[in-house]
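Structure at a glance
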Amino acid sequence: MAQEQGHVPLPRADAIRSRLVDTFSLIEHLQGLSQAVPRHTLREILDPSRQKKLMSGDQNQLVRFSIKPRHMGHITHSQRMLSRLQVRCSRRPPLSLWAGWVLENPIFSKFIIFLIFLNTIVLMVEIELMESTNTKLWPLKLTLEVADWFILLSFILEIILMWMFSFSLFWNNAWNVFDFVVTMSSLLPEFVVLMGVSGNSVWLQLLRISRVLRSLKLFARFRQIKVIILALARALKSMTFLLMLLLIFFYIFAVTGVYFFEDYSRSTIENLEYNMFFSDLLNSLVTVFILFTLDHWYALLQDVWKVPEASRVFSSIYVILWLLLGSIIFRNIIVAMMVTNFQNIRNELSEEMTHLEVQYKADIFKRQIIQRSASVATSHRKASKDVLKPKEPELSDSEKSDAETSDAETNDAETSDTEKSDVETGDAEKSDTQRSDSEESDTEEGEAKGSDAEQDEDGEGQKKSSKSKVYSSSSSTASSSSYSTFLMDWETLVHENLPGLMHMDQDDRVVWPRDSLFRYFELLEKLQYNLEERKNLQEFAVQALMSFEDK
Amino acid sequence: MSQYFHHNPPVRVASSSLFGTASEALYARFKKIKRKDVECQAFFRKVLKNPLFQLLMISTITSNAFFMVLGTDYNIRYKLFRLFEISEILFVSIYACEFFMKVYVEPIKYWRDGYNLLDVVIILIILIRYSLRKIKGRHYRYLHIADGIQSLRILKLISYSRGIRTLITAVGQTVYTVASVLTLLFVLMFIFAILGFCLFGTPEKGDLDNWGNLASAFFTLFSLATVDGWTNLQEQLDKRKFTVSRAFTIIFILLASFIFLNMFVGVMIMHTEDSIKKFQRELMAERHVTLMEEKQMILRNQQEAVNRLMNTQSGGGKNFTELVEEFKKTLRHTDPMVLDDFGSSLPFIDVYFSTLDNQDIVVQKLQELYYEIVNVLCLMLEDLPKKMSSHSSEFMN
C-alpha cells in the first residue's frame, strides 16, 4: 500500500490508514455501495427561514439530530418518563409520576422509617400484654390493635404506590420483593380467618408472628447495612460451586451410610441409642450432617460396634473418612474461600478508588497539556510570523533568543505556571459546556501545528476560547525554556497517565467535521512518513560524520 | 494445526535404566503408528463433543443417582424390582459405551486426563459389585458394602460441569499441603498414642477400653483432637486415679485441636488465595491475547480488502489517493461525526504534538552538536596544514 510512494512500509502509517478506511467505511464506498449522509441538521429544520428553503426543494432528505456529547449522571425512571412522547402529549400527567414524586419525597421515606420503628415497639408491648387479663388495660390493647392495623394499611399503601410507579421495575429489586412477601404474610391470616378456618392453628400463629419480619425492612433503608448484606450475598454467590460439591459429597455419604449400616439398623439388640440414625435416606442425611458438625461421633461409632454383625473396619473407615474429608477439609476450604472473597471485594473497592484517582490525575494532566499546547501555539505563531518557512535551524535560533531573554524569569514563570493550572481547573467546569464549540477551532489549531504554518489559519487560531487569554506572553516564552527541564519528566508523565487518558475517552466523545477528520487522518499519515524521512536524514548525517578519518 | 506437531523430531532421552530406554522406544514407536481409520475416529470425536451427547450423559447420571436414592428403601425396591434391574443394565451399558468410545478415539492420551481415570475407577467399582455377586453368591456378608460404594457414580457429573472443574483445579493445588499437614498430625498422634498406651493401657489398673491397644488409642486421641466427648474419656481416666492424665489430655488438646487443626485453616487460606489469583491472572492474559489476535485479524482483513480493490480497478493500479479523491469531494464541513476512539481525541492530539515538539527540540540540539563537531573538525583541519607548513619551514630552516 505504501509502495506507491516509494516508501518503506511503516506499521504506524498503515494503522492510521486502516483507521481512516474504517471510519469512513471506504471499502463499501469504493465497491459502489455508498452510505447516505444526512445533509441537514435539526437546527436547519427548526430555523423557519431555512426550513422554507428546504421545503421548497426536495422534501425527501435525511436529517441528522445534532449530537452534543455531555456527561450524564444516573438517569432515573421518572426522568425517563418525563421525556416520553406519550407523557408529554397527553392532557393529564399519568398517576405514576405523582407516585414517583411521593416515593422520592424525603418526608415520606422518613415517615415509613418511623412506622417501622413504631411497629417494632407495638409488637413488643403487645406480646407482653397478650397473656394478661387485666381489664383496665383494655383501652391500651385496643389502641395497640388499631396502631397495628394502621401500620399494615400504610405498608400496603406504599406497595400500591410502588406498583403505580412502575410495576415491572418493582419485581427487579430484591428488597421490594421481600417487602411484598412480608406484608402478604401478615395479611394472609386475616383472610384465612375471614374464610372460616379456625383461628387457632399453629400455622396461623406463626404467620402472625412474621410481622416481626417487618423490622427487617429497616435494612433496606440504611446504606451501610445494605452494603454489608450485598457483600455477604456476593461472597455466597461465588461459593455456589463449592456448596454444590459439598452437596454431592453429602449425597454420596448418605447413600453409602444406608447400605453400610444396614445390619446396625436392622439389629434387634436392645438399648441401641442411635438405632434409627441410618434407617432410611432422610435419617441418614441428617446423621451425615450431625457427623459433619463433629457431634457425638465417637459415641455413635461405639454404638455401632456393639452390634457384632456390623464390620468394624468398614464402619470406622466410613466415619473417619467422612470426618477428615467433610468436617476438617471442607470446612477449612469454606473458611479459606470466604476469606479470599472478602479480600477480593476489598481489593475491588480499593481498585475503584485507585481507578477514580487515576482518572482524576489524568484529568489534571489533560488540562496541563492543553495549557502547554496553548502556550506553545502562541510562541510558534510568534516565531512563524518572523520567519517565512519554519526550517528547523532558524526555528532553533528564534527559540534560543527567546530562551536567553527569559532565563531570568524562569523561576517566577514556573510558579505562575502552577497557579495557572489551578485557575485552569476552575475554568474547566465553566468551559466544558463551551467545549463543543471550541472543539472545532481546537482541531484546526491542531492541524496548524502538523502541517506547514499557513498564515490564514493563524487568524482562526486566534479566535480561540477564553483559555488563551489567561496567559501572559512572558509565561509562554518561559515555558519553552522550561521544556528542556521538563523533557526528562515528560515521557514518564505520559506513560503514567496514558492508561488513565485512554480509559477516560470512553466518556468524552469528540465531534469532528467530516472533511476535517479526513484531512486529519491523511495529514497524520503523511506526518509519519515525514518523521521517518527525517530520521533517515539524521542517520545519513551521522554516517557522514563518522566517516571523517584522521589523516 | 495438529499436523505441525507430528513433524517434531523424536527427542532422544538418555535414561540410565534398561526399562527407561525400552519404554521410551516403545512410546516413540507408538507415536509413529498412524491410524488407518481416520474417518471413523473423526466421527466418534464429533459425537463425543456434541452437546446432545453431553446432555444425554448428564441425564443418565442424574437418573442413576435418583434411582439409587429410591433403592435405599426396601419396599420401593421390592415393588419396582424389574424397573431397577432394567435401569441398572441400561446405565452400566451407557457407561461402558462411553468408556469404549473415548478409548477408541484417543487410546494413549486417554489415560493422562484425571477425569477419565475417574471413569475407569467407577467402572471397576461396578465390576467389583457384579463379580462379587457372581462369585460369592447372594448372601455374602460384604455384599451391601459393594452396594454402598455404587453411590460414587455421581462423581462422573463433575467432569461435565465447568464450574466445579475450575474449583477443583484451584483447590487441588492445596492437596500436597493438606497431605503433609495430615501426615504431621498422624505422627503426633502416633507419639501420643504410644505414650498413652504405656501410661494408661496397662492390663492391671489401666483403662483397657480406650487405651488397650493401638487402634483404640488412636480413636481416643482422634476424639480428643476433635474435642467431641472428651470429658467422658477424661472421667474414665479420673475414676482410675491417674494423676498425669489431666496434663496429658490438656497438652494433647492444645497441640492437636488448637494449633494443628487451625494451622490447617491458615495453610489452606494461603494456598487458595495463591491459586485463585494465579487462575484469574491466567484468565485475564488469555482474554487479552485473544483480543489482540482478533484486532490483528481485523486489521489484516481490511488491508487485504483495500489492496484487492486497488488491484482490480479497471484503471490499472490507481493510487489510493486518486481512488478516494471523489469521495473527498462529497464530504461537507457541516456534517458532524461523533467519534470516541483515542486516536482522534483531543488529549491524544495534545499529547502527541507536545511529544513531537519535544522531539523537535531534541533533534535541534543534536544538530547543533553536529555543527559544533563539524566546526571543531574544520578548525582542526585548518590548523593542521599551518602546522605542517610551519614545521616544514622550521625544518627547512
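You'll find the structure just up there.
Below: a short report on this structure. Just so it is clear, the model here is predicted, and its values are computed rather than measured. (Residues numbered from 1 in each chain as written. Chains lettered and ligands numbered in written order. Predicted model: local features only at pLDDT ≥ 70, side-chain atom pairs only at ≥ 80, totals over all residues. Heavy atoms only, no water.)

Digging into the overall build of chain B
Just so we agree on the cut-off: Each helix corresponds to a stretch of at least 4 residues labelled H or I by DSSP, and each strand to a stretch of at least 2 residues labelled E; elements are numbered beginning at the N terminus. Under the scheme applied here, a residue whose accessible area is under 20% of the maximum for its type counts as buried, over 50% as exposed, and between as partly exposed, the area being computed with a 1.4 Å probe on protein chains only. Note on contacts: a residue pair qualifies if any of its non-hydrogen atoms lie within 4.5 Å across the two residues. Shrake-Rupley sampling with a 1.4 Å probe provides the accessible areas, and residues are treated as covered by the protein chains on show and by no other component.
Each helix and strand in chain B was counted, giving 16 helices and one strand. Evaluated residue by residue, chain B yields a buried proportion of 34% over its 397 residues. Of all intrachain contacts in chain B linking residues separated by at least 6 positions in sequence, the fraction that spans at least 24 positions is 65%. Carbon together with sulfur atoms contributes 66% to the accessible area of chain B, which is approximately 26,400 Å² in total.

A short note on the side chain of T60 of chain B
Examined against the element boundaries, T60 of chain B turns out to sit in helix α4 (residues 51-71). Apart from the residues lying within four places of it in its own chain, the contact partners of T60 of chain B are F91, I94 and Y95 of chain B.

Overview of the nonpolar core
Using the following cut-off: Nonpolar cores are built from buried Ala, Val, Leu, Ile, Met, Phe, Trp, Tyr and Cys residues. Side-chain atoms within 4.5 Å join them into one set.
Grouped together as the largest cluster of nonpolar side chains are 96 residues, with contacts concentrated most on W297, Y318 and W322 of chain A together with L221, F252 and F264 of chain B. With 14 residues, the single largest contributor to this core is helix α15 (residues 240-260) of chain A. Counting 23 residues, the second largest nonpolar core, distinct from the first, contains F24, V510, L517 and L524 of chain A.

So, the packing of aromatic side chains
The geometry of an aromatic ring pair is captured by the separation of the ring centres together with the interplanar angle, meaning the angle of the planes. All names here are of chain B. Which entries qualify depends on this criterion: Stacked, tilted and edge-to-face pairs are distinguished by plane angle, under 30 degrees for stacked and over 60 for edge-to-face with tilted covering the rest, among Phe, Tyr and Trp rings (Trp via its six-membered ring) whose centres lie within 6.5 Å.
Scanning the model with the defined rule gives 46 aromatic pairs over all chains in all. Pairing Y74 with Y78 gives two aromatic rings, centres 6.4 Å apart and planes at 20 degrees, and the pair type is stacked. Note that Y74 and Y78 are positioned in helix α5 (residues 74-79) at a spacing of four residues, about one turn of the helix. Of the two residues, Y74 and Y78, both sit in the exposed class. Aromatic pair F348 and Y352: ring centres 5.5 Å apart, planes at 10 degrees, arrangement stacked.

Comments concerning the packing of α4 of chain B against helix α6 (residues 81-105) of chain B
Residues and elements named next belong to chain B. Worth spelling out the cut-off: Axis definition: a line fit to C-alpha positions, over the contact stretch in the case of helices; interaxial angles, taken between N-to-C directions, run 0 to 180 degrees. Note on convention: the crossing is left-handed when the near helix lies turned anticlockwise from the far helix by less than a right angle, right-handed when the turn is clockwise. In this count, Pro and Cys sit with the nonpolar residues alongside Ala, Val, Leu, Ile, Met, Phe, Trp and Tyr, while Asp, Glu, Lys and Arg are called charged and the others, Gly among them, polar.
Interaxial distance between α4 and α6 falls to 11 Å at its minimum, and their mutual angle equals 145 degrees. Between α4 and α6 lies a crossing whose hand is left-handed. Listed contacts from α6 to F53, M57, T60, I61, S63, N64, F67, L70 and G71 of α4 are L83, F84, S87, F91, I94, Y95, E98 and M101. For the contact of α4 with α6, the residue count by class is 11 nonpolar, five polar and one charged.

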